[in-house]
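Chains, contacts and geometry: an overview
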Amino acid sequence: MSQTIIKQHIPRDDLLASGHLACPGCAAPIAMNLVLKALGPETMVVLPACCWSIIAGPWPQSSLRVPLFHTAFETGAAVASGIKAGLVSRGDTETTVIAWAGDGGTFDIGLQALSGAAERNEDFIYFCYDNEAYMNTGVQRSSATPWGAWTTTTPTSDPEHQPKKDIMAIMAAHRIPYAATASVAYPVDLVEKVKKARTIRGTRFIHILAPCPPGWKTQNDETIDLARMAVERRIFPLLEVENGGDWRFTVDHPGGSIEEYIRRQARFKHLTDQQVEIIQAQVEARWEILSNRVKYGT
Amino acid sequence: MSDRDLTRPNDSGRNIPPVAISETSTLVNPTGSWKYIMPRYEDRVAPCNAGCPVGIDIEGYMYLIGQGRLQEAADLLVRENPMPAITGRVCHHPCEDSCNRASLDEAVAIHAVERRLGDMILAAPPPPAPERTRTETVAVIGSGPAGLSCACFLTRMGYGVTVFEAAAEAGGIDLRTSTRVGTDVPWTELDEFDAVFVAPGAHVGKDSRIEGADGLAAIRPGLEFLKEVNAGGRPDLGERVIVVGGGNTAMDCARSALRLDADVTVLYRRTPREMPAIPQEVREAKQEGVEFEFLAAPIGVELEDGEFTGITCQRMELGEPDESGRRRPVPIEGDVFTVNADTVLTAIGEDCDLSFLPDEVHTTWGLVEVDALGESTSAPVFAGGDVVDMPRSVADALGGGKRAAIGIDHFLREKAGEDVTEVPLDALRFGGGNVSALRYTNDEDPIPREAPVNETVTWEQMNPNHFHTAPRHEDHFHDAIDLRSAFGETNFGLSQKEAIEEAERCLNCGVCNRCELCLIFCPDMAISRRDDGGFEIDMRYCKGCGLCAAECPRGAVTMTREGI
Amino acid sequence: MKKVMIGNHAVSWGVLRSRVEVISAYPITPQTQIVEALSDMVADGSLPAQYIKVESEHSAMAACIGGSIAGTRTFTATSAQGLALMHEMLHWAAGGRLPVVMANVNRAMAPGWTIWTDQNDSLSQRDTGWIQLYCETNQEVFDTTIQSFKLAEKVNLPVMLVLDAFFLSHTSEPVDVTEQEEVDRFLPQREATFKMDTSDPHAFGALVRPDAYTEMRWHQQEAMREARDVFREIEDEWEAITGRRYGAVEAYRAEGADLLLVTSGTITSTSRHVVDERRAAGEKVGLIKVKMFRPFPTDELRGLLAGVDRVAVLDRNISPGHGGIFAEEIRSALYDVPPEDRPTLFGYILGLGGRDVTPGVINDIIDNTRSKAQPEREDLWVGVEL
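Worth saying up front: this structure is predicted, and the values here are computed from it rather than measured.

With that settled, consider the overall build of chain B. Across its full length, chain B holds 17 helices and 24 strands. Taken over the C-alpha trace, chain B has a radius of gyration of 31 Å; the compact-globule value for 564 residues is 24 Å, which it surpasses by more than 25%. If you line up chain B on its principal axes, its C-alpha atoms span 140 × 55 × 45 Å. Contacts spanning at least 24 positions in sequence make up 69% of the contacts within chain B whose residues lie at least 6 apart.

This next bit is on the overall build of chain A. Helices and strands together make up the secondary structure of chain A, namely 11 helices and nine strands. Rg of the C-alpha trace for chain A: 18 Å, near the compact-globule value of 19 Å for 298 residues, within the 12% margin. By its C-alpha atoms, chain A is 60 × 45 × 45 Å across when sized along the principal axes. Out of the 298 residues in chain A, the part that is buried amounts to 61%. Intrachain contacts of chain A at a sequence separation of at least 6 include 67% that bridge at least 24 residues.

Moving on, we come to helix α5 (residues 111-120) of chain A. Considered for burial, the residues of α5(A) that qualify are A:A113, A:L114, A:G116, A:A117 and A:A118. In this structure, the buried residues of α5(A) make contact with α3 (76-89), α4 (103-108), β5 (125-130) and α6 (167-173) of chain A together with α3 (57-69) of chain C. Trailing α5(A) by a residue or two, A:N121 shows a phi angle of about 60°, which is positive.

As a further point, take the interface of chain C and chain B. Quite often, the size of an interface is put as the accessible area lost when its parts meet. Taken together, the contact pairs 16 residues of chain C with seven residues of chain B. At the level of secondary structure, the elements contributing two or more residues to the side of chain C that touches chain B comprise β9 (203-204) and α8 (210-242) of chain C. Among the elements that make up the side of chain C that touches chain B, the one with the highest residue count is α8(C) (six residues). Taken together, the residues of the side of chain C that touches chain B sort by class into eight nonpolar, six polar and two charged.

Turning our attention to the interface of chain C and chain A. Taken residue by residue, the interface counts 38 residues in chain C and 40 residues in chain A. For the side of chain C that touches chain A, the secondary structure elements donating two or more residues are β2 (22-25), β3 (50-53), α3, α4 (80-95) and β9 of chain C. Residue contributions to the side of chain C that touches chain A peak at nine residues, all from α3(C). Note that strand β3 (residues 68-71) of chain A and β9(C) share two bridges and pair parallel. Bridge pairing in β9(C) places A:L68 opposite C:A203.

Time to look at unusual backbone geometry. Here the amide bond leading from B:A379 into B:P380 is cis, since omega sits at 5°, within 30 degrees of zero. Relative to the helices and strands, B:P380 resides in the loop between β18 (367-368) and β19 (381-383). Of note, the amide linkage connecting C:R294 to C:P295 takes the cis form, showing an omega dihedral of -10°. Position of C:P295 among the secondary structure elements: in the loop between β13 (292-294) and α10 (298-305). The phi dihedral of A:V139 falls on the positive side, at around 65°, and the residue is not glycine. You can see A:V139 is positioned in the loop between β5 and α6.

So, about the sheet that holds strand β1 (residues 43-48) of chain A. Hydrogen bonds along the backbone pair up the strands of a sheet, which may run parallel or antiparallel. Strands sit in the order β9(A)-β8(A)-β6(A)-β7(A)-β5(A)-β4(A)-β1(A)-β3(A)-β9(C) across an open sheet of nine strands; the sheet is mixed. In this open sheet, the two edge strands, each paired with only one partner strand, are β9 (246-249) of chain A together with β9 of chain C. Note that strand β8 (residues 239-242) of chain A and β9(A) share four bridges and pair antiparallel. If you follow A:E240 over to β9(A), its bridge partner there is A:R248. Contacts from helix α7 (residues 187-199) of chain A reach β4 (96-101), β5, β6 (178-183), β7 (204-209) and β8 of chain A, with the element oriented near 160° to β6(A).

Let us look at the confidence of the model for chain B. Confidence in the prediction for chain B averages 91 pLDDT; 97% of positions are at 70 or higher. For this predicted complex, the interface confidence score (ipTM) comes to 0.97, while the overall pTM stands at 0.90.

Another point: the sheet that holds strand β8 (residues 219-221) of chain B. Residues and elements named next belong to chain B. An order of β8-β15-β9-β10-β11 is seen for the five strands of this open sheet, with the pairing classed as parallel. Looking along the sheet, the strands with just one partner apiece sit at the ends: β8 and β11 (291-294). Adjacent strand axes in the sheet meet at a mean angle of 25°, parallel and antiparallel pairs treated alike. The pairing of strand β9 (residues 240-244) with strand β15 (residues 343-346) spans four bridges and is parallel. Paired with V243 across the bridge in β15 is L345. Against the sheet, helix α8 (residues 222-230) contacts β8, β9 and β15, and its axis sits at roughly 75° relative to β8.

All names here are of chain B. With 22 residues, helix α11 (residues 394-415) extends 31 Å from end C-alpha to end C-alpha; this agrees with the ideal 32 Å at 1.5 Å per step. For α11, the buried fraction is high: 18 of the 22 residues fall into the buried class. Where α11 terminates, the next one or two residues include G417, which has phi positive at roughly 85°.

Residues and elements named next belong to chain A. Here β6 pairs with β8 via three bridges, running antiparallel. Bridge assignment links A179 to a residue of β8, and that residue is V241. Two successive antiparallel strands, β8 and β9, enclose a turn made up of three residues, where N243 displays a positive phi of approximately 55°.

So, on to the environment of A:A77. Residue and element names in this part refer to chain A. Its location among the elements puts A77 in helix α3. Assessed through the 35 C-beta atoms surrounding it within 10 Å, A77 is described here as buried. For A77, the residues in contact, after removing those within four places along its chain, are A99, G110, A113, L114, G116, A117 and Y126.

Bringing the packing of α8(B) against helix α9 (residues 248-259) of chain B into the picture now. Residues and elements named next belong to chain B. Two elements in contact, α8 and α9, have axes separated by 10 Å at closest approach and are oriented at 50°. Taken together, the axes of α8 and α9 are oblique relative to one another. The way α8 lies across α9 gives a crossing that is left-handed. Residues G222, L223, F225, L226 and V229 of α8 lie in contact with α9, whose contacting residues are T249, A250, D252, C253 and S256. A class-by-class count of the residues in the contact of α8 with α9 yields six nonpolar, three polar and one charged.

All names here are of chain B. Following both chains from N to C, one finds helix α2 (residues 58-66) and helix α15 (residues 496-504) inclined at 115°, their axes separated by 8 Å at the closest point. Judged by the angle between their axes, α2 and α15 are roughly perpendicular. Considering the relative orientation of α2 and α15, their crossing is left-handed. Of the residues in α15, those touching α2 at M62, I65 and G66 are I500, A503 and E504. A breakdown of the residues in the contact of α2 with α15 according to their chemical character gives four nonpolar, one polar and one charged.

Residue and element names in this part refer to chain C. Locating E378 in the fold gives a position in the loop between α12 (359-371) and β16 (380-381). Separated by 54 residues in the primary sequence, E378 and G324 have C-alpha atoms spaced 8.2 Å apart. Excluding its chain neighbours within four sequence positions, the residues that come into contact with E378 are G323 and G347.

We now examine the pairing of β6(A). All names here are of chain A. With six of six residues buried, β6 is to be regarded as a mostly interior element. With burial as the criterion, each face of β6 is covered, one bearing Y178, A180 and A182 and the other bearing A179, T181 and S183. Two elements, β6 and β7, share six bridges in a ladder whose sense is parallel. Within β7, the residue paired with Y178 across the bridge is R204. Crossover connection from β6 via α7 to parallel β7: handedness right-handed.

For the rest of this paragraph, the subject is the environment of C:E376. Within the secondary structure, C:E376 sits in the loop between α12 and β16. Between the alpha carbons of C:E376 and C:F346 there is a distance of 8.9 Å; along the sequence they are 30 residues apart.

Parameters and conventions
Residues numbered from 1 in each chain as written. Chains lettered and ligands numbered in written order. Predicted model: local features only at pLDDT ≥ 70, side-chain atom pairs only at ≥ 80, totals over all residues. Helix = DSSP H or I, 4+ residues; strand = E, 2+ residues; numbered from the N terminus. Rg over C-alpha atoms; globule rule 2.2 N^0.38 Å. Contact = placed C-beta atoms within 7 Å. Buried ≥ 20, exposed ≤ 12 C-beta atoms within 10 Å, placed from the backbone. Nonpolar A, V, L, I, M, F, W, Y, C, P; charged D, E, K, R; others polar. Pairing = 2+ DSSP bridges. Axes fitted to C-alpha atoms, helices over the stretch in contact; angles between N-to-C directions. pLDDT = per-residue confidence, 0-100. Expected span 1.5 Å × (residues − 1). Parallel < 35°, antiparallel > 145°, perpendicular 65-115°, else oblique. Left-handed = near helix turned anticlockwise from the far one by under 90°. Right-handed = clockwise from strand over helix to strand, strands pointing away.

Written out as structure tokens, the structure reads:
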């Protein structure tokens, strides 16, 4: 076959409506749509503050065709725990509860609640759609912002100092039954992971890289291409971690130079060639670590 | 203000609830108004179609095979090419040279798929002859690919067609064999026809210019030899055979001679790079054991006791390029050698015998002058195939025949007083390639093309990320040892299963195959499926991000500012 | 069924009888015994609730909010720093009109570290939109816990029931534990007005623009106003079952008084004792106990205080830069009373950080209130020794 006909693997019904307020080319609604397709209508969504608070539509609108609860920035995991407990107390053990948070709500302000819920192995799926900064407030750095990136709080004269926080290692350390990374550029992989997660009980964590045209300073139509490149070049490898110890890559990662990925994003345009090489080295070092996790487990 | 009761709200009918609970979807937001550029489904022409001299909708039949619609695929193929079983075997398949898939891994083995479909058609009962709907009749001179193609298309258009063939055998239609126009039938007798299509081919072997060759039985025109073999003759050529020439006729001679148990050497005055023969033919000839002597030209004969023993050859080198762009062979002074041989077959090109044509039909350099639709300087005389100025290939001949059929139809309709406009030649062509008969007759296109633009899609316009590599199925060949004894087919093509797999390697360049990636990647859910299988973009919600166009694997979505 | 129990366990028993469905809590002194007892009840199956042992009070309230929007009856308990940490989510529960019930054991705010009682923790949450009910005895704690759920669910507002650290929370008293069947009649399973339901999906809490935010807050205020009447009806119903009622405001020996003490929480019990002594001595001293702080019982207080010569408000709290919080609220309530009926109001700050408020202290306050023509300042500090 010339092409995997992926439509056969993607449920047809949309649970996300048009007219939502995402910027053109935003990956976040693509991710949400795929996730909801995989989960189906028996799903409830908890939405802490993030871009999606806007994308979902202002009152009296909702872009979702499933119940949605908007909540405070740091409470995604806790509110999801409560909703699940409420459902279970009334005998509903089947409805899937998900928290849908950005990188800020996950890596930063929501990490405590997430850690608490994960440690308790609360029965919900936590999704982090990661656009690598506080985009909704106008592109401020988060602990998911990659090294060297410009944001409005890491100006080009003093760009981001720290590499991206290793959230997967953190989640794996909680020994939750299932954690995975996913990409909008790999819809089948994403949908399969969500479907798999749905069948598992306990805390499940899925981290989705979500390129952001205004925040990354890229063209609107590059979103998928960049997401794909991030996977191929090992910047954002696609993997699964079961029970915190069994790591597995789920697609091929041919690797290669990350230069094009970096150079196509104007948030990195101030970087010198030497600095791009530093990023290349970081990616390779991290790949080595991940490969060892896959090989030996954690 | 002073009159208002501020202890209670006005009853405005807004019914604001106590909490922010949604009551409607975001469909109320016309977010499509944000866009400054918008997508449009526009199918384009696959490069194979544009590269096919016959004008076959290759992409189209590949699409149908991909859908499991084999019979429809065969119907579409034969709609544009009356003899796919033949072209599947002998065509030099320029379609594969232009196949975009070569940029991914290897070109699709189009010829093999065509051959399979062609064989499928041959195996099925022949379809009923087309109904005669026109009163006019057309004479076709020559039953080669150009003549038969023209005759076939004219017949389908409802004309009465008579084919005149000088040789004793040919295939198809209302045929008068052993009837050479100008000899057996005077040209003037063709006046009873409303039009004439001249396609007798090139059958006069060029003079080999070997000194002393005249009258020697050991030196034969290759074409004549091939005709003899084709007619069942098995002449004794002796042990050593020299074939002079580097074209397809030379290869045919060499491989036929091999099968008559001779050791064969091909003598060619340039290098392998300049050989006009189809590379595959050369490759197969080598595999079968044909020797090659390059940069050598025969100049004289070697006689021993009046008996022919071989030829004298001049060693050549390549000089400046000639008008064909190939480097001209130049003799190396004093470098002469001899080659022993029992027979020499000359195959250095063929000329046309146009002596039967009246003067009004102008010729230049031994070729009939025609326009794009085959019309000569003296309507109703049309011409095609080897007698006009175009590449001498089966495919070009078939394509020329098709164009001439269109030209003749148009001419006759105009003559009959029908309200006909100029033939929209550009629109009939696949991209810049040959014309489509289906388009000319306005038949329904079995491929659901969306707003097709007659422009060939380039590899750069496509998105290769969604394709994965898959090795090309190569034709199955007979073992080389057996070849020398067999005049049958040496290439067995692909199995049905392989051919279908090969068709599935087709990328459907430029043509939406409903893969639905646009739908999956649209962040705005603005794309929906239409009942007819196509897609619809709801411009109320499309924000113009361009992801559908960027991610379309086959370049079938275009971004445009038109209509914003 | 009468049982001797500490105030914290009176809460736990009230929660048990209320058949709470989701509990989420985090330990903090002096509240911890409430949730410890609940843990036992859930563990032994007597309370078939989902119990989420969260990692912070912020998450405790967030989880209760989750349970509540799922349509269930939810409960948590906290004190002081824990309550302060919840602050953001208190707004969320109230603005989301979710009937979460929380017990707050009054504990003074750090620093310096303290575990002892005062009301600054709960009063700091005055404007979050929670109903606040201050209890005086363990029996009242038990009764109020059950009533809180009914009140919360009727008006779709969260309720905070408040009890003093140690003086109530850790002090044993006999409590008549109402039988389960009687409570069930009084408080059936919650039927949520707003909840997440996949068969009728809605979004809750989306962005509200200026054209509707005020209207939603108006609804909230109306619910608060309605809560006063609803609370009265609930007390009527509870009284019919148990014979007990407390009132949003209680007047104790106030008839004909020329001086009224105004108290809340356990100071009330001590004050009752002092009033009894003073009455026995022929003084016209009475007592007003304020149980309901939000919604503020403005009309009742006005009715009880207008025409009285002097009022002494005992505040176990301080709004720094202003005065005692109850005193300020009552001053404000009395503003519309005609000047000739308006009492002279003395606001006393006392008992902060768990300092004992003894009968002697209250007697001093009565004497001071009688002896001065006017209070020297809006906040009069009792027993401050520098």
